[in-house]
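As a plain string of letters, each chain reads:
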2 protein chains.
Amino acid sequence: MSTPQGARARARAEITAAIKDEARRQLASEGAAKLSLRAVARALGMVSSALYRYFPSRDDLLTALIVDAYDSLGEAAEAAHARAGGIVPPDRWVAVCEAVRGWALSHPHEYALIYGSPVPGYSAPQTTVPAAARVGNLLIAIVRDAYQGRGVARTPVPAELEPESRRIAADLAPDLPPEVTVALVAAWAQLYGLVGFEVFGQFNRLVEDREPFFRHAAARLAEGVGLVHAS
Amino acid sequence: MSTPQGARARARAEITAAIKDEARRQLASEGAAKLSLRAVARALGMVSSALYRYFPSRDDLLTALIVDAYDSLGEAAEAAHARAGGIVPPDRWVAVCEAVRGWALSHPHEYALIYGSPVPGYSAPQTTVPAAARVGNLLIAIVRDAYQGRGVARTPVPAELEPESRRIAADLAPDLPPEVTVALVAAWAQLYGLVGFEVFGQFNRLVEDREPFFRHAAARLAEGVGLVHAS
DNA sequence: TCGCAAGCGAGAGCACCGCTCTCACTTCCG
DNA sequence: CGGAAGTGAGAGCGGTGCTCTCGCTTGCGA
C-alpha cells in the first residue's frame with residue numbers, strides 16, 4: 001500500500017476498503033446473517049455484480065471481515081496488555097481478559113462472527129490463524145513471564161492426560177511445564193465461555209452487575225492457571 | 001395428545017411433528033442458516049404456503065427446534081445424573097459435564113442453535129426458559145447436595161461483588177452461600193466455553209486427545225465451585 | 001506511440017428464499 | 001344440516017447469491 005503502482009491499483013484498493021467498511025457497518029447493525037452483497041453494493045452506488053470483481057463470493061467477504069475482527073480484538077487485547085506493562089502477572093491477566101470482554105461487548109456481531117457458531121457451510125481458511133492467535137499468545141506471554149519469575153503454582157495432571165499435555169506444551173510453549181499449558185488452554189476456552197454468555201444474553205436476568213462478576217471470574221481463572229499474587 | 005379430539009386435530013399434530021422432524025433433519029445436515037421452509041415443504045410433498053398453517057414464520061419453527069434442543073440436552077444431562085446417582089458430588093458433576101459435551105458433539109448444529117450466536121433479528125421467547133434451565137438446575141442440585149453434606153469449600157468474594165452475589169443467590173439457590181452460587185454461575189458459563197470451543201473447532205490442531213482433557217477441565221471446574229473429594 | 005489484453009461496471013437473468021393473498025375444498029360444531 | 005373454521009394449492013411480491021455477456025477504459029509491452 002506504500003507503492004501505488006498506478007491509478008487503477010489504487011482505485012482497486014480504495015474500493016475494496018470501501019466495500020469492507022460498508023459491510024462492517026451492516027454487520028455491526030444487523031449481524032452476519034443479514035449481510036447482503038446487494039445491500040452493500042446498493043449503499044455504494046454499485047450494481048451487485050460489480051462487487052464480484054473484488055470478492056469472489058459473499059463468504060470471501062465474510063472471511064475478510066473475520067480476519068479484521070480477529071485483528072481488532074487482538075489489537076485491543078495487546079493495547080490493554082501494554083498499558084498494564086508494569087503490573088504483576090495475575091493483574092495483567094485480568095486486564096487482558098477485561099479487554100477481551102470490553103471489545104466483545106462493543107462489537108457483539110463481530111464477536112459472534114469469530115467465536116459464535118461457525119457460518120453455515122464455510123470453514124475459516126488458514127488465513128485467519130495468525131490473527132486468531134494474538135490473544136492466546138498474549139495469555140501465554142503473561143504466564144511465561146510469571147513462570148520465569150517463579151510465580152506459577154503447578155497443579156498436577158492425571159496420568160491419562162499426560163501424553164496430551166506434553167503434546168500441547170510442545171505446540172504452544174515448550175518452555176512451560178505441560179500441566180501449566182493444559183490449564184492455560186482450558187482457561188482460554190473458559191474465558192470465552194464467560195464472555196460469550198454475557199454477549200449472547202445468557203446472563204440476562206441472572207447476573208446484573210456484570211463487571212465485578214467478570215473481574216472476579218477472570219481473577220479466579222488466573223489462579224487456575226497458577227498465577228498467584230506474590231504478596 | 002392422549003385425547004384425539006378428532007381426525008383433524010390428530011392430523012394437525014402428526015403433520016406438525018413431521019415438519020419438525022424434517023426440519024431437524026435439515027438442521028442437522030446443513031445448519032440453521034440453511035434451514036429453508038420451502039425445502040422442508042418440498043421434502044414433505046407440500047407447497048410452502050401450506051407450512052404457514054403450522055408455523056407462522058421460519059423463526060417460529062426455529063423456536064420450536066430450540067425448545068426441543070434444550071429439552072434433548074436437558075434429558076441427556078438428567079439421564080447421566082440419574083446414572084451417577086450413587087456417586088460422590090464432584091464425580092457426579094463431571095458426569096453431567098461429560099453428558100453435556102457428548103450431546104453437543106453429537107448434535108453440533110443443535111448446540112450451535114442454543115449456545116452459539118443468536119439467530120439474526122430474533123430473540124428467544126420466554127417459552128424456552130424452563131427447558132433451558134434444566135442443565136443449570138442439575139448443577140445446582142449437585143452443589144446443594146454436596147453443601148448439605150458439608151462437602152463444599154467456600155472461596156470468599158471481593159467486596160465489590162458482594163451485593164451481586166447476594167442477588168444471584170436469591171434468584172438461584174437461597175439455601176446456598178452467595179459466594180458458592182457466584183462460582184456456580186461462572187463455572188456454568190465456563191463449561192460452555194470448553195464445550196463450545198471443541199464443537200466449533202477452536203481446538204483443532206491444538207488439543208487432540210480431547211476426552212481426558214475435558215474430564216480434567218471439568219473436574220477442576222468442580223473444584224472451583226468448591227466440590228471436593230471427601231477422601 | 002499505438003494496439004490489444006486485462007480490468008471494470010452495468011444489466012439481464014437464473015434459481016432460490018420468506019412471506020402474503022386468494023380460492024376452492026373439507027371437516028366439524030352448533 | 002348449514003355455516004364457520006381449517007386446510008392446501010397456486011400465483012405473486014420483493015428479496016437473495018451468483019453467472020454471463022456486453023461495452024468501455026486503462027495501461028503495459030512491443
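If you're wondering where the values come from, they're calculated on a predicted model, not measured in any experiment. Counting restarts for each chain: residues are numbered from 1 in the order of the written sequence. Ligands are numbered from 1 and chains lettered from A, in the order in which they are written. The predicted nature of this model means local features are confined to residues of pLDDT at least 70 and side-chain atom pairs, given and counted, to a pLDDT of 80 or more, with totals for whole chains, interfaces and linings taken over all residues. Think of the side-chain values as coming from all heavy atoms in the structure, minus any hydrogens and water.

Asks: Teacher, can you tell me more about the environment of F197(A) here?
Replies: You can see F197(A) is positioned in helix α10 (residues 178-199). For the pair F197(A) and D91(A), spaced 106 residues apart in sequence, the C-alpha separation works out to 23 Å. Contact criterion: two residues are considered in contact whenever any of their non-hydrogen atoms come within 4.5 Å of each other. Not counting residues within four places of it along the chain, the set of residues in contact with F197(A) comprises Q202(A), F203(A), Y115(B), W188(B), A189(B) and Y192(B). Numbered from the N terminus, helices here are DSSP runs of H or I no shorter than four residues, and strands are runs of E no shorter than two.

Asks: Which parts of the structure should I look at to understand the interface of chain A and chain B?
Replies: By convention, interface size is frequently given as the accessible area that disappears when the constituent parts associate. Listed by partner, the interface residues are 50 residues for chain A and 49 residues for chain B. Buried area is understood as the total, over both parts, of accessible area removed when two parts are fitted together, assessed with a 1.4 Å probe. Counting each side, the surface lost to burial between chain A and chain B is near 4100 Å², with a carbon and sulfur contribution of 65%. Here a salt bridge means any side-chain nitrogen of Lys or Arg lying within 4 Å of a carboxyl oxygen belonging to Asp or Glu. Run the count over chain A and chain B and you get two salt bridges. In this structure, the salt-bridge partner of R215(B) is E160(A), at a minimum N-O distance of 3.0 Å. Side-chain atoms alone can form a polar contact between residues adjacent in sequence; in general such a contact is a pair of N or O atoms within 3.5 Å, and within protein one must be able to donate a hydrogen while the other accepts it. Counting every contact that joins chain A to chain B gives 13 residue pairs in polar contact (both at pLDDT 80 or more). Mapped onto the side of chain A that touches chain B, the elements with two or more residues apiece are α6 (108-115), α9 (162-172), α10 and α11 (210-225) of chain A. Considering each element in turn, the side of chain A that touches chain B owes the most residues, 11 residues, to α10(A).

Asks: Explain the relation of the copies chain A and chain B here, please?
Replies: Relating one copy of the chain to the other takes a rotation about an axis and a shift parallel to that axis. By a simple turn and slide, chain A fits onto chain B: the slide is 0.0 Å along the axis, the RMSD is 0.1 Å, and the turn is 180°. The superposition operator between the copies reduces to a two-fold rotation axis. Within chain A, the C-alpha atom positioned nearest to the axis of rotation is that of G193(A), 1.7 Å from it. Least squares is the method for superposing the copies, and the C-alpha atoms it fits come from residues with pLDDT of at least 70 in both.

Asks: Please clarify how α9(A) should be interpreted in this entry.
Replies: Quick reminder: α-helices carry 3.6 residues per turn. Residues three or four places apart thus point the same way. Relative accessibility decides the category of a residue: with a 1.4 Å probe and only protein chains considered, values under 20% of the type maximum give buried, values over 50% give exposed, and everything between is partly exposed. Along α9(A), the residues that are buried comprise E164(A), S165(A), I168(A) and A169(A). Seen from one end, α9(A) has its buried residues packed into an arc of 140°, which puts them on one side. Turned more than 90 degrees away from the buried face of α9(A), the exposed residues are A170(A) and D171(A). Those residues of α9(A) that are buried lie in contact with α10 of chain A together with α11 (210-225) of chain B. In this description, one arc is meant: the one made by directions from the helix axis to the C-beta atoms.

Asks: Help me understand the protein's contact with DNA strand C in this model?
Replies: Near, as used in this document, describes a residue that has one of its heavy atoms within 4 Å of the molecule or strand being considered. Residues in close proximity to DNA strand C total 24 residues, the closest being S49(A), R53(A), R38(B), R42(B) and R58(B). Each atom of DNA strand C within 4 Å of the protein belongs either to a base or to sugar and phosphate, the latter forming 48%. Here a phosphate oxygen of DNA strand C sits 2.8 Å away from a polar atom, N or O, in the side chain of S36(B). Separating a phosphate oxygen of DNA strand C from a side-chain N or O atom of R42(B) is a distance of 2.5 Å. Elements with a minimum of two residues in the surface near DNA strand C: α1 (7-30) and α3 (48-51) of chain A together with α1 (7-30), α2 (37-43) and α3 (48-51) of chain B.

Asks: What's the story with the pattern of salt bridges in this structure? I'm lost.
Replies: It is possible for side chains bearing opposite charge to pair when their charged atoms get close. Residues and elements named next belong to chain B. Per the counting criterion, the structure on display carries 30 salt bridges over all chains. Salt-bridge contacts for D68 lead to R24; the nearest nitrogen and oxygen are separated by 3.1 Å. You can see D68 sitting in helix α4 (residues 58-83) and its partner R24 sitting in helix α1, a full 44 residues away along the chain. As a salt-bridge pair, R215 and E98 come within 2.7 Å of each other at their nearest N and O atoms. In this pair, R215 sits in helix α11 while E98 sits in helix α5 (residues 89-106), placing the two residues 117 residues apart along the sequence. The exposure class assigned to E98 is partly exposed, which follows from its relative accessible area of 25%.

Keep in mind that these numbers describe shape and distance, not what the molecule does.
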